[in-house]
Every structure is written in structure tokens, then in C-alpha cells.
Amino acid sequence: MRSLLALLSVLLFIQGPAISQQVDDIFSSIDSCDVTVSGDTSGCYLQADLMRSGVILSSRVLPLDAPGTLMISWNLSDPDEGAYAACASVTRNGTVLDRRCYSFYHGGEVPVRFDVRDFLADSSGIHMVIYAADPAIVDIYYMLISGNKAVYVYRDRSVKIAGGRGVPTLVEWKWPVLLNAGETYTGRAKMVELTTGQTRAFMNRFVALENARITETYEDEMGASATVLGTSRVPFRGSLRFVLYNGTEVEVVEKRTPVLLEGDDETVEISWNRTLDPGIYHLKVMLLNSSGAVVDLRESVIEAEPVVRRVSNESTPSKSSPSASVLTGLIAIFSIRQILRRCDRKR
């Protein structure tokens with residue numbers, strides 16, 4: 001019995017590495033394909049092939065340094081209408097460890113319960129406008145891809161798409177990870193209709209940029225302020241420049257903003273060197289990024305009025321008014337008369 005268990009253990013140990021690499025999922029359209037691989041992929045490669053009637057039309061081989069999701073672009077020019085198949089294989093030393101295929105039809109009218117009217121992936125996230133004639137429930141996979149490897153994948157389950165003529169649903173997904181300024185990414189959304197399993201994918205490339213905008217300003221004779229809102233997952237490290245004119249340039253004040261991410265807002269306040277003289281001033285508030293480029297601008301007018309200085313009553317020495325002196329004298333005379341009358345009565 002012990003020898004049998006030992007033999008089974010040896011067999012499992014031998015077979016383990018051979019079956020630990022798996023193609024968990026694959027989806028493809030005529031434009032692109034995404035493949036999810038799991039297991040110990042060190043020393044492995046992913047081979048992806050797009051075929052029609054058994055003929056390979058496009059093929060890619062990518063090294064697998066870790067499990068995850070990879071994206072492949074087929075780059076076909078003017079593909080024909082018809083049935084296609086995409087196959088993904090995990091190989092090591094020329095040996096196929098696992099393989100999975102996905103079949104689809106390109107061209108013609110495909111009945112779908114929902115339609116993505118607009119799609120955009122940018123430095124803040126994914127934005128979609130979805131229209132459905134009838135209510136639908138879908139799972140949405142959000143993917144952020146750098147090169148061919150997904151650096152972020154999230155499955156949003158049972159998303160309700162409201163139906164109704166002329167009433168589209170706006171879906172927005174914000175990246176929870178930080179992006180590197182200047183790096184090219186691909187944003188991809190894959191939607192799976194739960195009732196039929198029908199799958200559609202949309203994507204576009206974008207360059208990650210730091211960005212923010214001015215949402216509010218305030219200004220008076222003493223100083224000015226501006227509220228800045230971050231609009232990118234690239235950390236915004238910029239500054240605000242306040243330029244004051246009155247026929248000619250009067251004053252320029254520049255102050256750095258706090259580091260901002262998408263959804264963060266902060267107010268920056270500055271003071272003029274002195275209270276502005278009466279007159280009409282033109283104020284320009286510019287938001288600069290870390291490179292010094294202007295990313296937003298606000299202009300306003302300050303109508304400076306003369307400052308009225310009030311003198312405190314407490315600081316003015318009190319003086320007896322003439323009317324108060326007369327009143328005091330009259331009271332004294334009246335009191336003396338009253339005393340004299342009392343004396344005459346006693347006599």
C-alpha cells in the first residue's frame with residue numbers, strides 16, 4: 001500500500017509541471033484577441049494563431065514571464081466575411097502544454113441586445129455610451145494594457161444596461177492604478193451578455209498625460225484663489241500663475257499646487273504685495289503642468305474700491321458738550337432754590 005501511494009506521488013510530481021500551465025480564457029474578434037494564462041509560466045511562450053478554414057492568417061509568439069492576460073492585434077487588412085478561429089497555446093521547449101480555441105463569424109448582421117455607440121479610453125479610465133432597445137445584464141471586463149500585457153483587469157459582474165428608445169446608458173470606469181506620464185497604454189472593455197454568452201470588445205490606445213483643470217476662482221483687492229481638480233491617473237505636479245494687469249502688468253504670483261490625482265481638488269490662495277489702489281484690474285489665472293505648459297486658463301475682472309478707514313469711538317477723548325454743562329448748572333440752581341425754600345418754612 002505504501003509503495004502504491006509513493007508511486008502515485010511520484011506520478012503527480014512528474015505530471016504537475018506539465019499540467020500547471022493553462023489557457024483559462026480566450027476571446028477574439030477580427031481585430032484583436034485577449035488570452036488569460038495561469039500557472040507556472042517561467043520559460044514558457046504563448047503562441048496565438050488566427051485561422052480560417054485551417055489556414056493561418058496571422059500568428060504571434062510572446063514570452064510568458066508571469067501568469068496574466070495578454071492582448072494580441074491581428075493587423076489584417078480588408079478581411080473577408082466568414083468564419084474564423086483563434087487558438088492560443090502555451091509551449092515550453094517546443095512542447096504544447098495547453099491549448100484553447102475560440103470561433104467567431106466576421107461580417108454580416110449580428111443580432112445583439114445592446115450597442116456601444118461611443119467608446120473612449122484615456123488617462124482617467126474608460127468611458128462608454130451603451131444603447132439597448134430592451135434592458136440587458138452584462139459582465140464587463142476592464143483591461144489596462146501596457147505593450148501586450150494587461151497591468152490591470154477587473155470583472156464588473158451583472159451590470160444593468162437600461163433599455164428605452166433614445167435613452168443611452170453612460171458607463172465610466174476609473175483606473176485604480178497609477179499611470180506613467182508619456183507611456184502608451186491600451187484600454188480595453190470586453191462585454192459578455194449573460195443570457196447568450198455573446199461577447200463584444202472595444203479598445204483604443206492612448207498616451208498617459210498628467211492633467212487637471214480650474215473649477216473655481218475668487219479675487220478681490222487683497223488677493224486671489226483658485227480651486228484645481230485632478231483629471232488623470234498620472235500624478236499632477238503643476239502650479240498656478242496669477243497675472244494682474246491694469247493697463248500694464250502690475251504683479252505676477254506663482255504658487256505650486258498639491259499633487260493631484262483624478263477626483264482630487266485643492267484650493268490655492270495668494271495675496272498681493274499690497275492692497276490694490278482703486279481702479280479696474282484684469283486677472284489671468286493659468287494652470288501649468290510640470291513641464292510649464294498651460295493646461296487651463298481663467299480670466300476675470302477686479303473692481304478695486306477706495307478703502308474707508310473707520311475711526312474707533314474708544315480712541316477719541318471724551319469732551320463735555322455745552323448742552324451738558326448748561327443742564328448741570330440748571331440742576332444746581334434748582335437744588336439751591338429747593339434748599340432755600342425749606343429754610344424759609346422752618347422760620
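Everything in this summary refers to the structure shown in the same document. It should be emphasised that the depicted structure is a prediction, and the values quoted were computed from it without experimental measurement.

On to the state of the cysteines. Within the structure shown, the criterion is met by one disulfide. Between Cys33, a free cysteine, and Cys87, which holds the nearest cysteine sulfur, the sulfur-to-sulfur gap is 9.4 Å. Overall, the relative accessible area of 1% leaves Cys33 in the buried class.

Two numbers describe a pair of aromatic rings. These are the distance of the centres and the angle of the planes. Tallied over the entire structure, the rule returns eight aromatic pairs. Judged by centre distance (5.2 Å) and plane angle (65 degrees), the rings of Phe27 and Tyr102 are edge-to-face. Of this pair, Phe27 sits in strand 1 (residues 22-28) while Tyr102 sits in strand 7 (residues 95-106), and the two are 75 residues apart along the sequence. Overall, Phe27 belongs to the buried group, its relative accessible area being 5%. Among the residues examined, Tyr102 registers a relative accessible area of 23% and is labelled partly exposed. Between Tyr102 and Phe104, the aromatic rings sit 6.4 Å apart at their centres with planes inclined by 25 degrees, giving stacked as the arrangement. On the basis of relative accessible area, Phe104 is assigned to the buried category, the value being 13%. Stacked on the ring of Tyr141, the Lys or Arg Lys190 has its end atom at 4.8 Å from the ring centre.

Analysis parameters
- Residues numbered from 1 in each chain as written.
- Predicted model: local features only at pLDDT ≥ 70, side-chain atom pairs only at ≥ 80, totals over all residues.
- Heavy atoms only, no water.
- Disulfide = S-S within 2.5 Å.
- Buried < 20%, exposed > 50% of the residue type's maximum accessible area, 1.4 Å probe, protein only.
- Phe/Tyr/Trp six-rings, centres within 6.5 Å; stacked < 30°, edge-to-face > 60°.
- Helix = DSSP H or I, 4+ residues; strand = E, 2+ residues; numbered from the N terminus.
- Lys NZ or Arg CZ within 6 Å of the ring centre and 35° of its normal.

These figures capture arrangement, not role.
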